[in-house]
Amino acid sequence: MALRHDWTKEEILEIYNKPFMELLYEAATIHRQHHDPNTVQVSTLLSIKTGGCPEDCGYCPQAARYHTDLEGNDLMSINQVKAQALRAKASGSSRVCMGAAWRNVKDGEEFDNVLEMVRTINKLDMEVCCTLGMLTENQAQRLAEAGLYAYNHNLDSSEEYYKEVISTRGYQDRLDTIGNVRKTNVTVCSGGIIGMGESEADRAGMLVALSTLNPQPESVPINALVPVEGTPLEEQKPVPIWDMIRMVATTRIVMPETQVRLSAGRTQMSREGQAMCFFAGANSIFAGDKLLTTPNPDVSEDMEMFKMLGLNPQKPFVKKSQPESVDAQNSKFQAQGEKPKWSRPGHKIDRNLEAQQKAKTKA
Ligand code: SAM
Ligand code: DTB
Ligand code: SF4
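Throughout this document, residue positions are counted from 1 along each chain, in the order its sequence is written. Chains and ligands are labelled by the order in which they are written, letters from A for the one and numbers from 1 for the other. The model is predicted, so local features are restricted to residues of pLDDT at least 70 and side-chain atom pairs to those at 80 or more, both for listing and for counting; the totals for chains, interfaces and linings are taken over all residues.

We now examine the site of ligand 2. We count a residue as near a molecule or strand when its backbone-placed C-beta atom lies within 6 Å of that partner. As a matter of local geometry, ligand 2 sits amid 17 residues, with Pro221, Leu291, Leu292, Thr293 and Thr294 nearest to it. Here a strand is any run of E in DSSP of at least two residues, a helix any run of H or I of at least four, and the numbering for each starts at the N terminus. When residues of the shell around ligand 2 are traced back to their parent elements, those giving at least two are strand E2 (95–100) and strand E7 (219–224). Each residue belonging to the shell around ligand 2 can be placed in one class, and the counts come to eight nonpolar, nine polar and no charged. Classification used: nonpolar for Ala, Val, Leu, Ile, Met, Phe, Trp, Tyr, Cys and Pro, charged for Asp, Glu, Lys and Arg, polar for all others including Gly.

What follows is the structure, given as structure tokens:
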């Protein structure tokens, strides 16, 4: 089925508010038509330049103007980045995502070093993602030439609510950077945060903005706000897990091919809650005990969860964790002189047919 780029806020709100079981069933069905439901992509975040940011994003501990306990750092060395990337690879991660607390990228020595970091990680046979703030078309092109796989630049909320949270740049600035990345062969990673006091209509508005991009982002992170003391959003109540599941499911339905990332906020989620998010279509996480500056579950805990759920980490450079299509599998059986075994939707074996075949072999 062709992807839709004309979702309206009303349609998305209707999906978001469906009876829970209907929503889960619909999202899970779409998920397994487009992806392998047992594969989850694993990324590791690395804050290569921490704190001291001139922007005023109300959620962010790295904004210089808020008094948080954060210890800032200048740009990491290329060797430090390489060592961290090797650690991430050894722990099963297929992608390193380097974050810098910058408003925008400035040409010069620091950017040259970032380009070298991208080349270095690429040589380790890992995907590289960067999130460095606003980019010009030329800077996006230089990142592409260095071998960048993805660029993360979140819309964060609806256009209307964005203004309530950030005043130092506008929604259009964000869209322009995404547009500049799109002009290259770097994939786009863009999503947002829930739990900042926004309404359901704002959540739907953000999904309208993302799903009407053509092409849709290859990856959409859904973050639950991590309230940090000293930021304007420090008092926000934790996001109910039900909202997270609904948001993931709705994202999956309106962007069927996209990798939906269960991002910040997992330390507050039970395994059962995360399992429901995976069932609803999340197929990517950030692993490692730190996100950029805030805590995240231990890798060993996540691996235990994967084992319990029978999930496998995705290998690097797989465009999409897509199952062999039901039709392709059936033609294989037919070529071997057998009847089609699989039925739509999902991948259910026809038990009757299996029994008949066993009886035939016995006879
Ligand atoms: N400075 C760059 C920028 O803003 O694009 C890159 C780094 S910035 C920290 C990347 C993203 O992290 C933000 O767009 C936001 O979605 C997310 N983020 C930051 N602080 C967060 C928090 N406290 N809780 C959840 N997500 C957060
Ligand atoms: C995204 O959407 N979430 C990640 C990544 N993209 C860069 C960052 C989450 C940051 C959470 C707050 C922190 O650790 O500083
Ligand atoms: Fe700076 Fe990015 Fe944090 Fe905003 S989200 S304050 S731009 S580091």
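Still to come is the rest of the account.
Here we come to the site of ligand 1. Contacts to ligand 1 come from 18 residues, most closely from Thr131, Asn154, Asn223, Val226 and Ala264. Here the residues of the shell around ligand 1 are counted per class, giving 10 nonpolar, seven polar and one charged.

In this section: unusual backbone geometry. Only a minority of non-glycine residues have a phi that is not negative, and only a minority of peptide bonds are not trans. Of note, the amide linkage connecting Asn214 to Pro215 takes the cis form, showing an omega dihedral of 5 degrees. Note on placement: Pro215 falls in the loop between helix H8 (200–211) and E7. You will see that Asp125, though not glycine, has its phi angle at about 65 degrees, which is positive. Among the structural elements, Asp125 can be located in the loop between helix H4 (109–123) and strand E3 (127–131). Three exposure classes are used, all based on how many other C-beta atoms lie within 10 Å of a residue's own C-beta (placed from the backbone): buried at 20 or more, exposed at 12 or fewer, and partly exposed between those limits. The exposure class of Asp125 is exposed, given the 11 C-beta atoms found within 10 Å.

Quick look at the pairing of E2 now. Where burial is concerned, most of E2 is hidden: six out of the six residues are buried. Burial of the side chains of E2 extends over both faces: Arg95, Cys97 and Gly99 are buried on one face and Val96, Met98 and Ala100 on the other. Pairing of strand E1 (residues 39–49) with E2 involves six bridges; the strand directions are parallel. Considered in E2, the bridge of Leu46 is made with Met98. Classification remark: right-handed applies to a crossover when, strands pointing away from the viewer, the course from the first strand over the helix to the second runs clockwise. With helix H3 (residues 78–90) bridging E1 and the parallel E2, this β-α-β connection has right-handed handedness. Where E2 meets E3, five bridges bridge the pair, whose relative direction is parallel. Directly across from Val96, in E3, lies its bridge partner Val128. At least two DSSP bridges between two strands are required for those strands to pair.

What follows is about the confidence of the model for the protein chain. The score called pLDDT rates the predictor's confidence residue by residue, from a low of 0 to a high of 100. For the protein chain, the average pLDDT comes to 90, and 87% of its residues sit at 70 or higher. Any two residues are considered in contact once their C-beta atoms, placed from the backbone, lie within 7 Å. The model gives residues 339–363 a pLDDT under 50, and that stretch makes 20 contacts with residues more than four places away or in other chains.

Sites flagged by UniProt as "binding site: [2Fe-2S] cluster" (unreviewed entry) map to Cys97, Cys129, Cys189 and Arg261. Maximum C-alpha separation among the annotated residues is 13.7 Å over a sequence range of 165 residues, consistent with a single clustered spot. Positionally, Cys97 belongs in strand E2. C-beta crowding within 10 Å serves as the criterion here: with 26 such atoms nearby, Cys97 is assigned to the buried category. When residues no more than four places from it in sequence are discounted, the contact partners of Cys97 are Ser43, Leu45, Leu46, Cys129, Thr131 and Asn152. Relative to the helices and strands, Arg261 resides in strand E8 (residues 259–262). The residues touching Arg261, leaving out its near neighbours within four places in the chain, are Gly191, Ser219, Val220, Pro221, Ile222, Ala282, Ser284 and Ile285. UniProt positions are given in the numbering used here, feature names are shortened, and annotations may be inferred rather than shown by experiment.

With that settled, the discussion passes to the environment of Val42. Mapping Val42 onto the fold places it in strand E1. C-beta crowding within 10 Å serves as the criterion here: with 24 such atoms nearby, Val42 is assigned to the buried category. Spatially, the C-alpha atoms of Val42 and Gln314 are 6.8 Å apart, while their sequence positions differ by 272 residues. In contact with Val42, other than residues within four places in its own chain, are Gly92, Ser93, Ser94, Ile285, Ala287 and Pro313.

All right, on to the environment of Arg271 then. With respect to the helices, strands and loops of the structure, Arg271 is situated in helix H10 (residues 271–279). Between the C-alpha atoms of Arg271 and Glu301, which are 30 residues apart in sequence, the distance is 9.8 Å.

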